[in-house]
Each structure stands twice: as structure tokens, then as C-alpha cells.
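# Close look at the chain arrangement
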Amino acid sequence: EDAAITRPDHPLVRYAETFTHNFDLIAERKSVVSQLREVAKASIMAKFLLESGNVLPDSWFSLGDETKPVCCLEVPQLWHDRCF
């Protein structure tokens, strides 16, 4: 657990405050940070729905369209290519 009192001039405290202040800019430049924020939001919502015992109608589970894979999920194997 965190210490009960942390010095406000501690480098990690200053880093955390700067990161929090610039979070939107960081998320804009690094898409993985933005995606992580969205996953965190979805996780919190799912936890709330489970703990509150809400029952959602089936229409909630068919809101999105079916998606097709963006690319081929096979890893290329270069040892089959002859380059001589």
C-alpha cells in the first residue's frame, strides 16, 4: 500500500501530477494509452452492472454490427521463400 504521507516534492509524486495534467495530450499521441482508458471505463461499467444485479435486455447485446477481421491473422513464414 501507499505510504500514509508522501512528500509533495517527491519525484514520483511530481511525475504523477504531470502525467495526470497532460493525460489527454499523451492519450492523443499514444493511442494505446487512449485504448487503455476506454478498457478501464468498460471494466468499471461491467463491474458496476454485475454488482448491482441489473438485468439488461437482449437488445443491448446486439447494438453493434458484426465486424470482419481487418487483416489476415497469419504470421508470414519467410523460410518458405527462396531468395537465391
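The preceding data block contains the structure.
The structure displayed is predicted, hence computed values, not measured ones.

Attention now goes to the pattern of salt bridges. Under the defined criterion, the tally for this structure stands at 4 salt bridges. One salt bridge in this structure joins D9 and R7, with 3.1 Å as the shortest N-O distance. Taking relative accessible area as the criterion, R7 reaches 49% and is therefore assigned partly exposed. D24 serves as the salt-bridge partner of R37, at 3.0 Å between the closest nitrogen and oxygen. Here D24 lies in helix α2 (residues 23-29) and R37 lies in helix α3 (residues 31-52), a separation of 13 residues in the sequence.

Another point: the packing of aromatic side chains. Here the structure, examined in full by the defined rule, presents 2 aromatic pairs. Ring geometry for F19 versus F23: centroids 5.7 Å apart, planes at 70 degrees, classification edge-to-face. You can call F19 partly exposed: its relative accessible area is 29%. Among the aromatic residues, those joined into a ring-pair cluster are Y15, F19 and F23.

Criteria and cut-off values
Residues numbered from 1 in each chain as written. Predicted model: local features only at pLDDT ≥ 70, side-chain atom pairs only at ≥ 80, totals over all residues. Heavy atoms only, no water. Salt bridge = Lys/Arg side-chain N within 4 Å of Asp/Glu carboxyl O. Buried < 20%, exposed > 50% of the residue type's maximum accessible area, 1.4 Å probe, protein only. Helix = DSSP H or I, 4+ residues; strand = E, 2+ residues; numbered from the N terminus. Phe/Tyr/Trp six-rings, centres within 6.5 Å; stacked < 30°, edge-to-face > 60°.

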